[in-house]
Amino acid sequence: MSYQVLARKWRPRNFAQMVGQDHVVRALKNALDVDRMHHAFLFTGTRGVGKTTVARILAKCLNCEKGVTSTPCGSCSSCAEIDEGRFVDLLEVDAASRSKVDETRELMDNVQFAPTRGRYKVYLIDEVHMFSDKSFNALLKTLEEPPPHVKFLLATTDPQKLPITVLSRCLQFNLKRLPPEQISGHLETILKHEGVETEQAGVRLIAAAADGSMRDALSLLDQAIAFGGGKLTESDVRAMLGAFDSGQVQKLLQALAEGDARSVMAAVDALASEVTDFAEALSAVLSLLQKIALVQAVPDAMEGRPENEAVKGLAARMPAEDVQLFYQIGLIGRRDLPLAPDPRGGFEMALLRMLAFQPAAVGVGGAAPESPPQKPGPEGRASDKPVPRRAATMRSKAEGTRDPGSISAAEWPALVEALKLTGLARELASNCALRCSTAERVCLALAPEHAQLLRPGVQNKLESALHAVFRGKPVVIVEVDTPSADTPAVARKRAEEKRRAKAVEAIQGDAFVQDLCNTFGAKVDPELVQPMPGSKGADSRD
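Parameters at a glance
Residues numbered from 1 in each chain as written. Predicted model: local features only at pLDDT ≥ 70, side-chain atom pairs only at ≥ 80, totals over all residues. Heavy atoms only, no water. Axes fitted to C-alpha atoms, helices over the stretch in contact; angles between N-to-C directions. Helix = DSSP H or I, 4+ residues; strand = E, 2+ residues; numbered from the N terminus. Parallel < 35°, antiparallel > 145°, perpendicular 65-115°, else oblique. Contact = heavy atoms within 4.5 Å. Nonpolar A, V, L, I, M, F, W, Y, C, P; charged D, E, K, R; others polar. Core = buried A, V, L, I, M, F, W, Y, C linked by side-chain atoms within 4.5 Å. Buried < 20%, exposed > 50% of the residue type's maximum accessible area, 1.4 Å probe, protein only. Pairing = 2+ DSSP bridges. 1 Å grid on protein atoms, 1.4 Å probe; cavity = no way out; pocket = protein on both sides within 12 Å on 5 of 7 lines; lining within 4 Å. Points joined across faces, edges and corners; volume = space filled by probe spheres on them.

Q: Mind showing me how you'd approach the packing of helix H12 (residues 246-258) against helix H15 (residues 308-317) here?
A: One can describe the packing of H12 onto H15 by two numbers: an axis separation of 10 Å at closest approach and a directional angle of 10°. Between H12 and H15, the interaxial angle falls into the category roughly parallel. The segment H12 lies against H15, with Gln250, Leu253, Gln254 and Glu258 engaging Ala310, Leu314 and Arg317. Here the residues of the contact of H12 with H15 sort into three nonpolar, two polar and two charged.

So this is what it looks like as structure tokens:
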């Protein structure tokens with residue numbers, strides 16, 4: 001008894017069985033139901049997303065013996081023959097093997113003849129972009145004005161190669177890549193019907209490896225079941241795909257967040273025992289960084305996913321600026337990996353670059369942490385070569401000497417400027433006012449209109465910056481409440497308005513400007529006056 005592969009056994013037989021592509025299915029069903037069928041359709045999309053399947057279902061809808069319908073019966077002789085690939089009036093043409101102009105002309109010569117059995121003669125031309133220019137020219141006239149009994153269904157993975165004259169004669173439908181969640185859901189349904197013992201983690205690995213292609217997913221599923229001896233387990237799928245444990249990548253990023261080069265290299269050693277492709281490993285690092293950035297921006301974005309807790313933990317520990325920097329360095333490293341002397345070396349250099357460029361902690365007044373003493377040069381002078389800074393380690397160990405209880409609410413804006421914070425942490429500090437400060441805690445009031453800034457990762461970064469200023473590392477408490485004193489943002493805005501007012505006054509009092517106004521009837525628009533940076537409101541014409 002011959003075995004039928006899953007990709008063929010589970011090929012959709014009607015629109016209701018299609019997975020995804022709702023935008024295409026809806027348009028075709030509506031056109032069939034109201035009898036507004038175009039004579040030429042072009043289906044585009046990457047491999048395995050359902051282009052040929054949709055075309056065959058459409059051919060069945062047009063030739064079903066119960067009439068033109070969006071829900072073919074599937075049991076009549078026409079439907080059965082189309083499913084089996086032997087319907088005489090469905091002519092499937094592989095453009096890659098029939099690209100010569102003589103073959104195209106021969107095909108078009110038969111268009112004028114009526115269907116043998118069906119209602120319509122349907123030409124399904126797959127990979128139509130493989131036609132030569134002369135073949136396209138031979139097709140054009142018939143494609144524009146075919147006989148009423150003919151329908152053209154074209155499919156291609158590369159629509160950019162089609163002449164604009166062909167594109168303009170077709171209704172175009174772009175089939176999308178399927179998301180991993182949709183693929184894994186369909187695979188689980190198939191496995192349940194097939195009676196295969198399954199681990200969901202293994203199904204998710206296959207769905208991710210399919211890269212949006214349902215056909216690839218079904219082929220991998222066939223291979224995984226054979227590899228596992230009739231079972232589907234995570235360990236077998238990892239071994240088959242040459243994939244590695246995501247926990248290893250999480251440990252690697254945890255070491256990066258701590259700025260510990262030794263731990264990073266240890267994590268690389270552990271990863272190297274499983275990795276067959278370091279480009280794939282770097283891609284996994286980038287993927288995890290993207291998820292961390294997503295959770296930092298939208299905390300509940302990963303809810304329901306297995307890796308949610310691990311990603312949230314990393315998002316709370318890694319400053320958003322570091323995540324963005326690591327991602328950019330990783331992208332450049334991924335691009336340059338083929339140029340490295342060996343793949344592992346290129347992978348390690350990308351990680352070491354992340355450590356080297358990690359921002360250093362900043363103390364009071366913007367002073368960087370003190371660098372280790374340099375050894376004298378050959379002439380007794382300090383070497384001019386820069387000394388590497390263990391930025392993240394210094395950040396975690398930095399502790400100032402200032403007493404938290406000595407800070408007043410009036411001093412808070414100046415302290416925020418001295419911290420040199422960036423991104424959301426700076427916005428959080430700028431919109432807070434100091435409520436009270438003791439040796440054990442620093443209490444801040446956050447203006448209600450900026451409550452969205454109060455996130456664990458952002459607050460942790462502010463607390464770390466304050467620990468570099470205050471001794472004792474007090475706990476930082478932020479409460480959403482109307483500040484009783486000016487926040488740094490309010491103080492900054494008031495200062496800017498004062499500078500603008502002085503600049504406007506200076507310009508309006510300028511003799512040259514007054515002469516222009518008197519001569520031409522001009523006026524000074526205060527909204528357009530911009531004081532020079534650092535100016536005290538003096539003449540800003542320079």
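Q: What's the story with the nonpolar core in this structure? I'm lost.
A: As a rule of thumb, soluble globular proteins bury nonpolar side chains together. Counting residues in hydrophobic clusters, the biggest one holds 34 residues, and the most contacted among them are Leu252, Leu253, Leu256, Leu271, Ile292, Phe347 and Leu351. Going through the elements one at a time, H12, helix H13 (261-272), helix H14 (278-297), H15, helix H16 (320-336) and helix H17 (343-356) are the ones with two or more residues in this core. The element contributing the most residues to this core is H14, with nine residues. If we ignore the near neighbours within four places in the chain, the residues touching Leu256 are Val264, Phe326, Leu351, Met354, Leu355 and Gln358. Residues Leu32, Ala55, Leu153 and Phe173 belong to the second largest nonpolar core, which totals 27 residues.

Q: Would you mind showing me how to read the pairing of strand E1 (residues 40-44) here?
A: Looking along a regular strand, one sees the side chains alternate between the two faces of the sheet. E1 sits mainly inside the fold: five of its five residues count as buried. Burial of the side chains of E1 extends over both faces: Ala40, Leu42 and Thr44 are buried on one face and Phe41 and Phe43 on the other. Bridging between E1 and strand E4 (residues 150-156) involves five bridges; their strand directions are parallel. Counterpart to Phe43 in the pairing with E4 is Ala155. Across four bridges, the pairing between E1 and strand E5 (residues 171-174) is parallel. In the strand pairing of E5, Thr44 is matched with Asn174.

Q: Where do I start with the layout of surface pockets in this structure?
A: Space left empty within the atom packing is revealed by a probe, the size of a water molecule, rolled over the atoms. Approximately 1,200 Å³ is the volume found for the largest pocket. Its residues assigned to classes, the lining of the largest pocket comprises 13 nonpolar, six polar and ten charged.

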